[in-house]
Amino acid sequence: SKDFLRQLNPWQKMSQTSAGRVKNLRSKYAKRVPPCCIISGHNQEHDLTLAHILPHSTDANIQHIVGMSNKLNNFRNVMWLCSALESAFDRQQLSLEPVDP
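Here's a quick rundown of the structure.

Procedures and definitions
Residues numbered from 1 in each chain as written. Predicted model: local features only at pLDDT ≥ 70, side-chain atom pairs only at ≥ 80, totals over all residues. Heavy atoms only, no water. Phe/Tyr/Trp six-rings, centres within 6.5 Å; stacked < 30°, edge-to-face > 60°. Helix = DSSP H or I, 4+ residues; strand = E, 2+ residues; numbered from the N terminus. Buried < 20%, exposed > 50% of the residue type's maximum accessible area, 1.4 Å probe, protein only. Core = buried A, V, L, I, M, F, W, Y, C linked by side-chain atoms within 4.5 Å. Contact = heavy atoms within 4.5 Å. Salt bridge = Lys/Arg side-chain N within 4 Å of Asp/Glu carboxyl O. Patch = residues over 30% accessible without salt bridge, like charges linked within 9 Å, V, L, I, M, F, W, Y side chains within 5 Å. Areas by Shrake-Rupley, 256 points an atom, 1.4 Å probe, with all protein chains shown as cover.

**With respect to the packing of aromatic side chains**
Turning to step 1, where the next piece is worked out: Under the counting rule described, the total for this entry stands at 2 aromatic pairs.
Turning to step 2, where the next piece is worked out: When the centroid spacing of 5.7 Å and the interplanar angle of 50 degrees are considered together, the rings of Tyr29 and Trp80 count as tilted. In this pair, Tyr29 sits in helix H2 (residues 23-32) while Trp80 sits in strand S2 (residues 78-82), placing the two residues 51 residues apart along the sequence.
Turning to step 3, where the next piece is worked out: Look at Trp80 and you get buried, because its relative accessible area is 1%.
Turning to step 4, where the next piece is worked out: Here the aromatic residues Tyr29, Phe75 and Trp80 are joined through ring pairs into a cluster of three or more.

Okay, here's the thing in structure tokens:
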């Protein structure tokens, strides 16, 4: 049912931005992946944010299913996005589809 699916949707449970939680992660990630929006290619670091793919409100069962148990601050769960795109992503107005290289 729709109510059941809404309960599993971690974006419905988000109450705050994750900016405070990613301060150290941002500098570590920047050493591995140069700051550049994966969608627009924009690379002005002050306009970019490190966005979580799965938010911290993700249910433990879903984390387990997708192989991310206790790994929400892992490099595999973040990406550089322009601030406006990150906001749209968090509001489920933007989706990303992985492609093979």
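**Topic: the nonpolar core**
Turning to step 1, where the next piece is worked out: Within the largest apolar cluster, 12 residues are counted, these being Leu25, Tyr29, Cys37, Leu48, Leu50, Ala51, Val78, Met79, Trp80, Leu81, Cys82 and Phe89.
Turning to step 2, where the next piece is worked out: Of all the elements in the fold, those that place two or more residues in this core are H2, strand S1 (48-52) and S2.
Turning to step 3, where the next piece is worked out: Here this core gets 5 residues from one element, more than from any other, and that element is S2.
Turning to step 4, where the next piece is worked out: Those residues in contact with Val78 that lie beyond four places of it in its chain are Leu25, Tyr29, Leu50, Ala51, His52 and Ile53.

**A short note on the pattern of salt bridges**
Turning to step 1, where the next piece is worked out: Counted according to the given criterion, the structure contains 1 salt bridge.
Turning to step 2, where the next piece is worked out: Two residues, Arg26 and Glu45, come together in a salt bridge whose shortest N-O distance is 3.7 Å. Of this pair, Arg26 sits in helix H2 while Glu45 sits in the loop between H2 and S1; the two residues are 19 residues apart in sequence, bridging distant segments of the chain.

**Digging into the environment of Leu72**
Turning to step 1, where the next piece is worked out: Tracing the chain through its elements places Leu72 in the loop between helix H3 (60-65) and S2.
Turning to step 2, where the next piece is worked out: Each C-alpha atom of the pair Leu72 and His56 lies 6.5 Å from the other, and the pair is 16 residues apart in sequence.
Turning to step 3, where the next piece is worked out: Excluding anything up to four places from it in sequence, Leu72 contacts His52, Leu54, Pro55, His56, Thr58, Gln63 and Asn77.

**Some points on unusual backbone geometry**
Turning to step 1, where the next piece is worked out: Here the phi dihedral of Asn70 falls at roughly 55 degrees; this positive angle occurs in a residue that is not glycine.
Turning to step 2, where the next piece is worked out: For Asn70, the position within the fold is in the loop between H3 and S2.
Turning to step 3, where the next piece is worked out: Residue classification places Asn70 among the exposed residues on the basis of a relative accessible area of 77%.
Turning to step 4, where the next piece is worked out: Residue Gln92 is not a glycine yet carries a positive backbone phi of 60 degrees.
Turning to step 5, where the next piece is worked out: Within the secondary structure layout, Gln92 lies in the segment after helix H4 (83-90).
Turning to step 6, where the next piece is worked out: Under the relative-accessibility criterion, Gln92 is labelled partly exposed at 41%.

**Regarding a nonpolar patch on the surface**
Turning to step 1, where the next piece is worked out: Taken together, the side chains of Ile38, Ile39 and Leu96 make up a nonpolar region of the molecular surface, amounting to roughly 250 Å² of accessible area.
Turning to step 2, where the next piece is worked out: One can find Ile39 in the loop between H2 and S1.
Turning to step 3, where the next piece is worked out: Taking the relative accessible area as the measure of exposure, Ile39 reaches 40% and is therefore partly exposed.

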